[in-house]
Amino acid sequence: MRFDENAELDTSNVEDLRGGGGGGGGFGGRVAIGGGGVSIVGLIIYFLLSQLGGGNFSLPDGGSGFGTENSVADSGQLAQTCQRGSDANGDLACEAVGVINSLDSFWTDVFARSNQQYQPARTRFFSGSVNTGCGGATSDTGPFYCPADNYIYIDLTFYQELEQRFGAQGGPYARAYVLAHEYGHHIQALLGTTDRVQAGDAGPTSGSVRLELQADCYAGAWGNHATTVPTRSGKPLILDVTPADVDAALDTAQRIGDDFIQSQLAGRRVDQSQFTHGSSAQRAKWYRTGFDTGSPARCDTFARGVNLG
């Protein structure tokens, strides 16, 4: 995946907290969505979330050295660093900004064609820990979406964890899939789909699993259109998505399946009753469904009688 070197980047929907320290917070009024553990601590968190919170979980406060002050965003440096597609081709944060620009443009168009107004998500880059509307979080939680404040939170070192601990192929498009998946959760919040899932719901056909698989499908739908989505310049920001890119995204999807994490990373027997994100095969299937059709309408994992895979 490559960006048009001359295309303009827009950092207005991105806040960079990496220089200011996160800080924790009390429990939010709503629960965060997504978030799989990526380190040994993260794996422990993963199983706790599977036991207690399903795919939607409250982020814990206290006991981890968090303060209670709010994070302060200083994104001036980000705006200076990430100006054009050439920056996105060489800098991880700028790459994320470019993907976010493309996602916003895609979903703005999708909503407009349905006579609805899209409300962009905002994204916060953080390092170590962060205060959110859903409570305090650490990097071990992995990327997640908080519907209480409509922010996507990501520590960009997550991508390194995916490659080193999960054994993922990685690459720009695989990283884009991660952000596109979290944007899928934002779409679910806007459409009210999130409210259909009860906290603590778990199992192979649970609402939590359906929510995650739908977000994978939404990510694939964006991927289908990534090279044709115009940004504010009127031209596509992303020049190409190769079959190898798609394979890398599918590889990432499979490595964050519940069965893979339980058996390959935690060394436990696969327990479908604790599934909250879907199996590796399911995640790949629904990403491919979105990518092959390019239609978010084909992503209804909540439909009666739907085969989740």
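Everything below is about the structure printed above this text.
First, a word on scope: everything that follows refers to the structure included in this document. (Residues numbered from 1 in each chain as written. Predicted model: local features only at pLDDT ≥ 70, side-chain atom pairs only at ≥ 80, totals over all residues. Heavy atoms only, no water.)

1. A closer look at the overall build of the protein chain
Move 1: A tally of regular secondary structure across the protein chain gives ten helices and ten strands.
Move 2: Scored against the burial criterion, the 309 residues of the protein chain give a buried share of 55%. (Helix = DSSP H or I, 4+ residues; strand = E, 2+ residues; numbered from the N terminus. Buried < 20%, exposed > 50% of the residue type's maximum accessible area, 1.4 Å probe, protein only.)

2. Quick look at the state of the cysteines
Move 1: What the rule picks out here adds up to three disulfides.
Move 2: Residue Cys134 pairs covalently with Cys146 via a disulfide, S to S 2.1 Å. Since a negative S-S torsion denotes a left-handed disulfide, the Cys134-Cys146 link at about 95 degrees is right-handed. You can see Cys134 sitting in the loop between β6 (129–132) and β7 (135–138) and its partner Cys146 sitting in strand β8 (residues 144–146), a full twelve residues away along the chain. When sorted by exposure, Cys134 lands in the same class as Cys146, which is buried.
Move 3: Here Cys217 connects covalently by a disulfide to Cys299, the sulfurs 2.1 Å from one another. On the S-S bond that ties Cys217 to Cys299, the torsion sits near -70 degrees, and the link is left-handed. One end of the pair, Cys217, is in helix α7 (residues 207–225); the other, Cys299, is in the segment after α10 (280–293), and 82 residues separate them in sequence.
Move 4: Given a relative accessible area of 0%, Cys217 falls into the buried group. (Disulfide = S-S within 2.5 Å.)

3. A look at the nonpolar core
Soluble globular proteins tend to bury their nonpolar side chains together.
Move 1: By size, the foremost hydrophobic cluster in this structure holds 63 residues, and its most contacted members are Trp107, Phe125 and Trp222.
Move 2: Elements with a contribution of two residues or more to this core: α4 (92–113), β9 (151–154), α5 (158–164), α6 (172–191), α7, α8 (243–255) and α10.
Move 3: Of all the elements, α4 adds the most residues to this core, at eleven residues.
Move 4: Dropping the residues within four chain positions of it, Phe125 is found in contact with Val14, Glu15, Asp16, Leu17, Arg18, Leu78, Ala93, Ala96, Val97, Ile154 and Leu156.
Move 5: Residues Phe126, Val130, Cys146 and Tyr151 belong to the second largest nonpolar core, which totals nine residues. (Core = buried A, V, L, I, M, F, W, Y, C linked by side-chain atoms within 4.5 Å. Contact = heavy atoms within 4.5 Å.)

4. Concerning the environment of Gly167
Move 1: One can find Gly167 in the loop between α5 and α6.
Move 2: As a C-alpha pair, Gly167 and Thr252 span 85 residues in sequence and 8.7 Å in three-dimensional space.
Move 3: In contact with Gly167, not counting residues within four places along its chain, are Leu162, Asp251 and Arg255.

5. Considering the pattern of salt bridges
Move 1: Summed over all chains, the structure comprises ten salt bridges.
Move 2: For the salt bridge of Arg2 with Asp240, the shortest nitrogen-to-oxygen distance reads 2.9 Å. Here Arg2 is found in strand β1 (residues 2–3), whereas its partner Asp240 is found in strand β10 (residues 238–240), with 238 residues between them in sequence.
Move 3: A salt bridge links Arg113 to Asp109, with the nearest nitrogen and oxygen atoms 2.9 Å apart. A residue pair is termed a helical-turn pair when its members lie 3 or 4 positions apart in one helix, as Arg113 and Asp109 do in helix α4 at four residues.
Move 4: Judged by its relative accessible area of 57%, Arg113 falls in the exposed class. (Salt bridge = Lys/Arg side-chain N within 4 Å of Asp/Glu carboxyl O.)

6. A closer look at the packing of α8 against α10
A pair of packed helices is characterised by two quantities: the angle between their axes and the separation of those axes.
Move 1: Interaxial distance between α8 and α10 falls to 8 Å at its minimum, and their mutual angle equals 145 degrees. Handedness of the α8/α10 crossing: right-handed. The residues of α10 that touch α8, namely those facing Val246, Ala249, Leu250, Ala253 and Gln254, are Ser280, Arg283, Ala284, Tyr287, Arg288 and Phe291. (Axes fitted to C-alpha atoms, helices over the stretch in contact; angles between N-to-C directions. Left-handed = near helix turned anticlockwise from the far one by under 90°.)

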